[in-house]
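Residue strings, one per chain:
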Amino acid sequence: MSLVINTNINSLTAQNNLNKSQSALQQATQRLSSGLKINSATDNAAGYAISTRFTTQIGGLGQASSNASDAISLAQTTQSALDQVTSNLQAIRDLAVQSANGSYTNSDRTSIDTEVQQRLAEVTRIANQTDFNGQKVLNGSLGNLSFQVGANVGQTISVNVSQGVKASQLGAVAEVTTGDISAALNPTSGSVTGSAAADVTGTPYTFTVDGNSVTTLAADTTAAALVTDIQGQLNTAAPGAYTVSADASGVLTFKNNTTGAGSAAPVIAGAGAASAVGAAPVSTAGAATSLASEGLSINGTAVDLSGAKSLQDVADALNAASVSGVTAAVSQDGKGINLYSSDATKGLTIADTGGNVIGANAKNANTAATYTAGSTAAVGGSLATGSVGTVDSSNDLISRIDVALNSVSTLNSTLGAIQNRFQSTISTLNAQSDNLSASQSTIRDANFAAETANLSKANILQQAGISVLAQANSQPQQVLKLLQ
């Protein structure tokens, strides 16, 4: 072994090892003081990049969870208001049903309508004044709301709150009124109308009415006296079977009441027949009620009117046809039918080949225009003009309230369902955040057990290195002994 002075290899080796143990001691001290295994990119470049991305995601997921909670709060606020809207609409419907009853007078209905108008105003007030964070949530102004429920762009949930619940935004229906169609359901009896004025010269004559003998009197010098005389004799021969009348010119008409609708015209015969009804009387057979071949259909669904003998029968048949969204009621004057449809897609299309139900008197109630069979009446109108002042308006309001309640309940159900979805979203976000936090901990957090061992090791190496370096630095002094 050579002894040298200029280069102390042992000292250099001891210094290098001391520097290494110093670095290890600093690293262990830093990790234990910060609790992090990666304190900068120099510790682990890839791990540092991954950990930073995880930090971004964890922060975003936390805020997304908060966003979903805000959405639930908005939905709950809206639902509370909708519950009150529903309560008012139900009360209005009850009042409309009450007003539609025939036992009430117009004055009674006016009193009922006072409350109806107040409740309609309250529905509109709720819609205009319900807000969340300064935004009106029930007047239809928000449209679609997009809630950020993820840490990244595009991770959203959209909620449609475009349905406003003001009175003017609810209750659109299609409505067609048939007008007076009572003639189509009124049976007629057979009759005979004379072709000339009856003989009232005071000369008696004899004739028969369906074999019932009638003899006029010399005192029958006016048409009125003649009618009274003939009617009396017929009432004796066949009580209630015939009705005799005369027009202004003295022409007699004999009506057959015996068999009712569809009855044959009375037969006037005998030597005095010409004196009673002239040489060429006009006979008219009675017409019975029959809508069996009417050919009525609503929105493509045929309606069987074969058994209809009255307007109520017609209304019942229309309702029994179960056309989606369509209802019918006899009009207040008892002469027509009012039809309502809540189907916003189809409106109300009524075909009528017979023309006895949808005729010249039919109207589109929303536009007041004439309704032509086969055309489509679109939904329209709203609760804003609703009233219970008449039976017809009460029925109209009932139909519109049903549509309004369906709209409100649909919106309420949507908000309830979306709350459940947001609750599920929050649970998912929390689980994702927990898993990312666990992954980030694995990458970045310091293992205190291992780091305390490293610290102890580095401390011992430091102390040993300093001692060895001191000895290595003293070795060149041994050369002096060779010079003695």
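Residues numbered from 1 in each chain as written. Predicted model: local features only at pLDDT ≥ 70, side-chain atom pairs only at ≥ 80, totals over all residues. Heavy atoms only, no water.

Draft legend 1. Looking closely at the overall build of the protein chain. Across its full length, the protein chain holds nine helices and 20 strands. Here the C-alpha atoms of the protein chain give a radius of gyration of 50 Å, more than 25% beyond the 23 Å that 2.2 N^0.38 yields for 484 residues. C-alpha extents for the protein chain along the principal axes are approximately 195 × 40 × 30 Å. In the protein chain, buried positions account for 39% of the 484 residues. A separation threshold of at least 6 residues defines the contact pool for the protein chain, and within that pool the share at least 24 residues apart is 67%. When the accessible surface of the protein chain is split by element, carbon and sulfur atoms take 51% of a total near 24000 Å². Each charge class in the protein chain can be summarised by its mean position, and for the 20 positive and 29 negative side chains these summaries are 29 Å apart. (Helix = DSSP H or I, 4+ residues; strand = E, 2+ residues; numbered from the N terminus. Rg over C-alpha atoms; globule rule 2.2 N^0.38 Å. Buried < 20%, exposed > 50% of the residue type's maximum accessible area, 1.4 Å probe, protein only. Contact = heavy atoms within 4.5 Å. Areas by Shrake-Rupley, 256 points an atom, 1.4 Å probe, with all protein chains shown as cover. Lys, Arg positive; Asp, Glu negative; His and termini not counted. Charge placed at Lys NZ, Arg CZ, Asp CG, Glu CD.)

Draft legend 2. Local environment of unusual backbone geometry. A positive phi is found at Asn299, a non-glycine position, where the angle reads about 50°. Mapping Asn299 onto the fold places it in the loop between strand 13 (296-298) and strand 14 (301-302). A positive phi angle is found at Ser322, which is not glycine, with a value near 55°. Structurally, Ser322 is set in the loop between helix 6 (311-320) and strand 15 (326-330). For Ser322, a relative accessible area of 62% puts it in the exposed group.

Draft legend 3. The packing of aromatic side chains, seen in detail. Per the stated rule, a full pass over the model turns up three aromatic pairs. Consider the rings of Phe207 and Phe254, whose centres lie 6.1 Å apart with planes at 80°: the pair is edge-to-face. Of this pair, Phe207 sits in strand 7 (residues 206-209) while Phe254 sits in strand 10 (residues 252-256), and the two are 47 residues apart along the sequence. For Phe254, a relative accessible area of 0% corresponds to the buried category. Here the aromatic residues Tyr205, Phe207 and Phe254 are joined through ring pairs into a cluster of three or more. (Phe/Tyr/Trp six-rings, centres within 6.5 Å; stacked < 30°, edge-to-face > 60°.)

Draft legend 4. Quick peek at the sheet that holds strand 12 (residues 282-284). Here we have four strands laid out as an open sheet, ordered 9-10-6-12, and antiparallel in their pairing. Here the strands that pair on one side only, and so sit at the sheet edges, are strand 9 (242-246) and strand 12. Pairwise comparison of adjacent strand axes, ignoring direction, gives a mean angle of 15° for this sheet. With three bridges connecting them, strand 6 (residues 191-193) and strand 12 associate as antiparallel partners. Bridged to Val192 within strand 12 is Ser283. Packing of helix 4 (residues 223-237) onto the sheet brings it into contact with strand 9 and strand 10, and relative to strand 9 it is tilted by some 175°. (Pairing = 2+ DSSP bridges. Axes fitted to C-alpha atoms, helices over the stretch in contact; angles between N-to-C directions.)

Draft legend 5. Highlighting helix 1 (residues 9-34). In this model, helix 1 (26 residues) spans 38 Å end to end at C-alpha, consistent with the 38 Å of a helix rising 1.5 Å per residue. Turning to helix 1, its buried residues are Ser11, Ala14, Leu18, Ser21, Leu25, Ala28, Arg31 and Leu32. For helix 1, the elements touching its buried residues are helix 8 (448-474). Backbone geometry just after helix 1 places Gly35 at a positive phi near 80°. (Expected span 1.5 Å × (residues − 1).)

Draft legend 6. Expanded view of the packing of helix 2 (residues 45-99) against helix 7 (residues 391-444). Two elements in contact, helix 2 and helix 7, have axes whose closest approach is 7 Å; the angle formed by their N-to-C orientations is 165°. In terms of their interaxial angle, helix 2 and helix 7 are classed as roughly antiparallel. Between helix 2 and helix 7 lies a crossing of left-handed hand. Here the residues of the contact of helix 2 with helix 7 sort into 31 nonpolar, 23 polar and four charged. (Parallel < 35°, antiparallel > 145°, perpendicular 65-115°, else oblique. Left-handed = near helix turned anticlockwise from the far one by under 90°. Nonpolar A, V, L, I, M, F, W, Y, C, P; charged D, E, K, R; others polar.)

Draft legend 7. Focus on the UniProt feature "domain: Flagellin N-terminal" (unreviewed entry) in the protein chain. Mapped onto this numbering, the UniProt entry gives "domain: Flagellin N-terminal" (unreviewed entry) at residues 5-141. Each end of residues 5-141 is marked by a C-alpha atom, and these two atoms are 92 Å apart; helix forms 77% of the span and strand 3%. (UniProt positions renumbered as here; feature names shortened; annotations may be inferred.)

Draft legend 8. Focus on the pattern of salt bridges. Taken as a whole, this structure holds five salt bridges when the rule is applied. Residue Lys136 is joined to Asp131 by a salt bridge in which the shortest nitrogen-to-oxygen separation is 3.6 Å. Since its relative accessible area comes to 35%, Asp131 is described here as partly exposed. A salt bridge links Arg400 to Asp396; the nearest nitrogen and oxygen atoms lie 3.0 Å apart. Placement of the pair is Arg400 and Asp396 together in helix 7, with a separation of four residues, close to one helical turn. (Salt bridge = Lys/Arg side-chain N within 4 Å of Asp/Glu carboxyl O.)

Draft legend 9. Region of the structure containing the nonpolar core. The biggest cluster of nonpolar side chains holds 43 residues, and the ones touching the most others in it are Leu89, Val165, Leu383 and Phe422. Only helix 2, helix 3 (106-129), strand 3 (143-148), strand 4 (156-161) and helix 7 provide two or more residues apiece to this core. Here the element with the most residues in this core is helix 2; it accounts for twelve residues. With 27 residues, the next largest nonpolar core counts Leu291, Leu296, Ile298 and Ala328 among its residues. (Core = buried A, V, L, I, M, F, W, Y, C linked by side-chain atoms within 4.5 Å.)

Draft legend 10. Structural detail: the packing of helix 2 against helix 3. Closest axis-to-axis distance for the helix 2/helix 3 pair is 9 Å, and the angle between their directions is 165°. Judged by the angle between their axes, helix 2 and helix 3 are roughly antiparallel. The handedness of the crossing between helix 2 and helix 3 comes out as left-handed. Facing Ala81, Gln84, Val85, Asn88, Leu89, Ala91, Ile92, Leu95, Gln98 and Ser99 of helix 2, the residues of helix 3 in contact are Arg109, Ile112, Glu115, Val116, Arg119, Leu120, Glu122, Val123 and Ile126.

Draft legend 11. Local environment of the sheet that holds strand 7. Across the sheet, three strands lie side by side as 8-7-11; this open sheet has antiparallel pairing. Each end of this open sheet is capped by a strand with a single partner; those strands are strand 8 (212-215) and strand 11 (268-269). Pairing of strand 7 with strand 11, which is carried by two bridges, proceeds in the antiparallel orientation. Its bridge partner being in strand 11, Val209 is matched across the sheet by Ile268. Of the strands in this sheet, strand 7 and strand 8 touch helix 4, which is tilted by about 150° from strand 8.

Draft legend 12. View of the environment of Ser69. Along the chain, Ser69 turns up in helix 2. Taking relative accessible area as the criterion, Ser69 reaches 32% and is therefore assigned partly exposed.

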